[in-house]
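# Architecture and fold: a report
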Amino acid sequence: PIIAFAFAVTLGLGPLMLIALRTLGAGLLVAVGAAVLLGLARPGEVDPIVSAYDAPLSLLTVALPLASGAAAALMVAGGQTSALVGVMVAAALLPPLSAFGLLLGAGLWVPAAKALATVVVNIAAINLAAQVVFRLKGIRPRRWESAAHAASHRLSLGASAALVAVLALAVYAVGHGWLGFMW
C-alpha cells in the first residue's frame, strides 16, 4: 500500500491514494492487534524487545526504509512485480510494528512509543524513496491537466522530503536528549 500510495501521488490519482491509505491502515491495525494480544498473553517475554529500544534511535533508522522503498519502486517501475517487493518493505516495517504492539500489550509505554516513532519514520521514508524513484524513471501523468498540476507534484515530493527530514531529526534529537528529555 505504501508503494501504491507513492505511485498514486506521482500520478495525482486521489481515489488510488485513498484506497492505498485504507489498505495500509487495515494492515497496520491487524499487525498491531495481533502483537498487542501476544504482549498481553506473555508480558514477561518482551525483555529482548525492550533492550532493543533502550538505546537512542539514530539516523540509521531511516536507511533501511529508504533503501527498501527505492528497491521496491524500481522493481514496480520496471514491471518486475513479485513477492520480493512486499518482503523488502515488510523488512523495514514489521519488526518495529510488531515491537510496538508487543510493548503496548505489555504496558511498556516509552519503548512502545519509540517503536511507533520508528514505524512512522519508516513509512514516510519508504513513501519518499518510492516517489523519487518513480519521478526519476519518468513516471508521470500522460498529460498534465495544467501547469499547476505539475507544480503540485513537485510540491508533494518536497513535502514528503521535508516530512522525512523533520521526523528523522525529531527522533534523533529526542533520542540524544536535545529536547531536554531522553526516551
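Structure: see above.
Throughout what follows, the structure given in this document is the object of discussion.

It is worth spelling out the environment of Ile2 at this point. With respect to the secondary-structure elements, Ile2 resides in helix 1 (residues 2–11). Setting aside residues no more than four positions away along its own chain, Ile2 makes contact with Leu24, Val89, Leu93, Ile123, Ile126 and Asn127.

It is worth spelling out the environment of Ala99 at this point. Mapping Ala99 onto the fold places it in helix 5 (residues 83–105). Residue Ala99 is classed as buried on the basis of its relative accessible area of 5%. Between the C-alpha atoms of Ala99 and Leu116, which are 17 residues apart in sequence, the distance is 8.4 Å. Residues contacting Ala99, with those up to four places away along its chain left out, are Ile49, Tyr53 and Ala115.

Quick look at the nonpolar core now. If you look at the biggest cluster of nonpolar residues, it comprises 31 residues, and the most contacted ones within it are Ile2, Ile3, Val89, Leu93, Leu103, Ile126 and Phe134. When neighbours within four sequence positions are excluded, Leu103 is seen to be in contact with Val46, Ile49, Val50, Tyr53, Leu108, Pro111 and Ala112.

Moving on, we come to the pattern of salt bridges. Where charged atoms from two side chains of opposite charge approach closely, those side chains can pair. For the coordinates displayed, the defined rule picks out one salt bridge. Of the charged contacts, one joins Glu45 and Arg42 as a salt bridge, the two residues approaching to 2.2 Å between their closest N and O atoms.

Across the interface, helix 1 lies against helix 6 (residues 109–136) with an axial gap of 9 Å and an inter-helix angle of 45 degrees. Here helix 1 is positioned oblique relative to helix 6, judged by the angle of their axes. For helix 1 against helix 6, the interelement crossing comes out right-handed. For the pair helix 1 and helix 6, the contacting residues are Ile2, Ile3, Phe5, Ala6, Phe7, Val9 and Thr10 in the first and Ile123, Ile126, Asn127, Ala130, Gln131 and Phe134 in the second. Partitioned by chemical class, the residues of the contact of helix 1 with helix 6 number 10 nonpolar, three polar and no charged.

Cut-offs and rules
- Residues numbered from 1 in each chain as written.
- Predicted model: local features only at pLDDT ≥ 70, side-chain atom pairs only at ≥ 80, totals over all residues.
- Heavy atoms only, no water.
- Helix = DSSP H or I, 4+ residues; strand = E, 2+ residues; numbered from the N terminus.
- Contact = heavy atoms within 4.5 Å.
- Buried < 20%, exposed > 50% of the residue type's maximum accessible area, 1.4 Å probe, protein only.
- Core = buried A, V, L, I, M, F, W, Y, C linked by side-chain atoms within 4.5 Å.
- Salt bridge = Lys/Arg side-chain N within 4 Å of Asp/Glu carboxyl O.
- Axes fitted to C-alpha atoms, helices over the stretch in contact; angles between N-to-C directions.
- Parallel < 35°, antiparallel > 145°, perpendicular 65-115°, else oblique.
- Left-handed = near helix turned anticlockwise from the far one by under 90°.
- Nonpolar A, V, L, I, M, F, W, Y, C, P; charged D, E, K, R; others polar.

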